[in-house]
Amino acid sequence: MDRYDVVVLGAGAAGMMCAAEAGKRGRSVLVIDHAAKPGEKIRISGGGRCNFTNLHAAPANYISQNPSFCISALRRYTQADFIALVERYRIAYHEKTLGQLFCDGSSKQIVDLLLAEMRQAQAELRLSTSVRSVERTSEGFALQLSQGAVQCRSLVVATGGKSIPKMGATGFGYDLAEQFGLKVVETRPALVPLTLEPTMLARLAPLAGVAVDAVAACGRTRFSEALLFTHRGLSGPAILQISSYWREGGEIELSLLPGVDLFEELRAARAQNGRQALQTALAAFLPKRLAQLVAETEKGPAHLADYSDKRLRAVADAVNRWRFKPAGSEGYRTAEVTLGGVDTRELDSRTMEAKAVPGLYFIGEVVDVTGWLGGYNFQWAWSSGWCAGQAV
Ligand code: FDA
């Protein structure tokens, strides 16, 4: 049976970072992944350009039952640390918006960076290998693999979340946590498009493909970003962000023309040219198809002059205070991340080691720490992976 100091399950963002760091400290490291290639989620991320971190990453950008858990790791390995690594590899990058850093070239450069770091640290990588069983031994852990068996002193679980099952995502990490008696916070798809009930979907069908800058709010949380109408419902960054806060049966409020007092604008339009149609007045502010739909839904008089203030107020509210209940979400099939995961109360926030199971570590998305859209999730993978890499 092969023996290693450290076995890392999952050659994704967190696992590869951890393996490289542990290897640099002289540990013998084996990384196991059931996929045929490492870092597949990195490859497809950011539309192929990998939004690898965010200049403004801070604990407030993460959702967890224990919001202070991520503070230590994010402080110990910061976005500046990862940017310095990217610059050391001479990977050109740019800020797209809101502090989001993307490769100028391809996300494959980030995968190659991590593989190079692992090679330098002499960490071994075994792909197309699955784990049949994990057992505790007096010296650590024994793993039965699809090919052979290995033993290790430290076992790092970096198998990610359940999103995009087509790419091999599994609930493996959660099951393993439960096998060792650790609590798992209920998981759900997040950063995911929302769906609409059939009547509303049919009504909004003409808008498929229309995008607007919007504010999406759920309770006290709001995001000001782009929104996209699709043939399944609503998507775009504003919707993905708010989806992480929305729960079944809850309402979302959208402002499709943020920063504009539409009521006052419509009153002014009525005073200036009362013979124009509502749709024409709205089209000065909204995409034509959206203006048309709002006007048709209103079923009001032909001319703006015949609209009362009350009616104009209702139109303005329909645009800027549109409240509705989503039917659901598109689920793990398209979700970028998984909310919930290994309960952080089970883990040491400095090292990611399970308090009750010395030698067992959980890092990255499998942990109940979920970032906003915008490079925050990779930063959590780097930070938590780095921390475990210093401890294993
Ligand atoms: P990750 O999922 O990267 O890796 C887990 C690894 O474990 C995989 O290689 C998998 O094959 C392996 N594995 C799973 N089960 C296994 C098993 N049973 N046995 C062996 N191996 C197993 N984030 C961000 O910050 N910026 C961005 O631009 C994007 N973009 C983006 C686009 C899309 C389409 C998605 C789906 C997601 C993103 N994300 C993102 C989120 C980001 O990809 C995610 O948070 C990180 O990849 C999580 O890193 P981990 O290493 O924890 O898991």
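The chain carries the name Aminoacetone oxidase family FAD-binding enzyme in an unreviewed UniProt entry, which gives Microvirga arsenatis as its organism. Among the UniProt annotations of the chain, the heading Cofactor (unreviewed entry) holds the following wording: "FAD".

Peer 1: Could you give me a rundown of the overall build of the chain, with the residues and numbers involved?
Peer 2: The helix and strand tally for the chain stands at 13 helices and 21 strands. Oriented by its inertia axes, the alpha-carbon framework of the chain measures out at about 85 × 40 × 35 Å. Burial analysis of the chain (392 residues in total) assigns 55% to the buried set. Put simply, 72% of the contacts in the chain that link residues at least 6 apart link residues at least 24 apart. Counting 44 positive and 39 negative side-chain charges, the chain places the averaged centre of each group 1 Å from the other.

Peer 1: Can you break down the packing of aromatic side chains residue by residue, with the values?
Peer 2: As enumerated under the stated definition, the model contains 12 aromatic pairs in all. On the numbers, 5.9 Å between centres and 80 degrees between planes, the contact of Phe141 with Phe180 is edge-to-face. Of this pair, Phe141 sits in strand E9 (residues 140-145) while Phe180 sits in the loop between helix H6 (172-179) and strand E11 (184-190), and the two are 39 residues apart along the sequence. Accessibility assignment for this pair places Phe141 and Phe180 in one class, buried. Counting every residue linked through ring pairs, the aromatic cluster contains Phe52, Phe82, Tyr93, Phe378 and Trp382. The residue whose ring lies beneath Lys96 is Phe102, and the NZ or CZ to ring-centre distance is 4.8 Å.

Peer 1: Describe the site of the ligand, with residues and values.
Peer 2: Every one of the 28 residues lining the ligand counts as a neighbour, but Ala14, Asp33, Asn51, Glu365 and Phe378 are closest to it. Separating a nitrogen atom of the ligand from a backbone N or O atom of Asn51 is a distance of 2.9 Å. In the environment of the ligand, an oxygen atom lies 3.4 Å from a nitrogen or oxygen atom belonging to the backbone of Asn377. Protein chains bury 92% of the 990 Å² of accessible surface belonging to the ligand in isolation. Elements supplying a minimum of two residues to the shell around the ligand: helix H1 (13-24), helix H2 (40-44) and helix H13 (376-391). Sorting elements by how many residues they give to the shell around the ligand places H13 first, with 3 residues.

Peer 1: How would you summarise the packing of H1 against H13 if you had to cite specific residues and measurements?
Peer 2: Two numbers describe how H1 lies on H13: the axes approach to 7 Å, and their chain directions differ by 30 degrees. When the interaxial angle is binned, H1 and H13 end up roughly parallel. Between H1 and H13 lies a crossing of right-handed hand. Of the residues in H13, those touching H1 at Ala13, Ala14, Met17, Cys18, Glu21 and Ala22 are Phe378, Ala381, Trp382, Gly385, Trp386, Ala388, Gly389 and Gln390. Partitioning the contact of H1 with H13 into residue classes produces 10 nonpolar, 3 polar and 1 charged.

Peer 1: Provide a residue-level description of the pattern of salt bridges, including the pertinent values.
Peer 2: Oppositely charged side chains can form a pair if their charged atoms are brought close together. A full pass over the atoms with the stated rule returns 16 salt bridges. In this structure, Lys24 engages Glu21 in a salt bridge whose closest nitrogen and oxygen atoms are separated by 2.9 Å. Here Glu21 and Lys24 lie together in helix H1, a separation of 3 residues that amounts to about one turn. Here Lys24 falls in the partly exposed class, since its relative accessible area comes to 46%. What makes Glu21 buried here is its relative accessible area of 10%. In this structure, Arg232 and Glu330 form a salt bridge, with 3.5 Å as the shortest nitrogen-oxygen distance. Here Arg232, found in the loop between strand E14 (221-229) and strand E15 (233-235), pairs with Glu330, found in the loop between strand E18 (328-329) and strand E19 (337-342); they are 98 residues apart in sequence, far enough to count as distant.

Rules of the game
Residues numbered from 1 in each chain as written. Predicted model: local features only at pLDDT ≥ 70, side-chain atom pairs only at ≥ 80, totals over all residues. Heavy atoms only, no water. UniProt positions renumbered as here; feature names shortened; annotations may be inferred. Helix = DSSP H or I, 4+ residues; strand = E, 2+ residues; numbered from the N terminus. Buried < 20%, exposed > 50% of the residue type's maximum accessible area, 1.4 Å probe, protein only. Contact = heavy atoms within 4.5 Å. Lys, Arg positive; Asp, Glu negative; His and termini not counted. Charge placed at Lys NZ, Arg CZ, Asp CG, Glu CD. Phe/Tyr/Trp six-rings, centres within 6.5 Å; stacked < 30°, edge-to-face > 60°. Lys NZ or Arg CZ within 6 Å of the ring centre and 35° of its normal. Near = heavy atom within 4 Å. Polar contact = N/O pair within 3.5 Å; in protein donor to acceptor, adjacent residues only side chain to side chain. Areas by Shrake-Rupley, 256 points an atom, 1.4 Å probe, with all protein chains shown as cover. Axes fitted to C-alpha atoms, helices over the stretch in contact; angles between N-to-C directions. Parallel < 35°, antiparallel > 145°, perpendicular 65-115°, else oblique. Left-handed = near helix turned anticlockwise from the far one by under 90°. Nonpolar A, V, L, I, M, F, W, Y, C, P; charged D, E, K, R; others polar. Salt bridge = Lys/Arg side-chain N within 4 Å of Asp/Glu carboxyl O.

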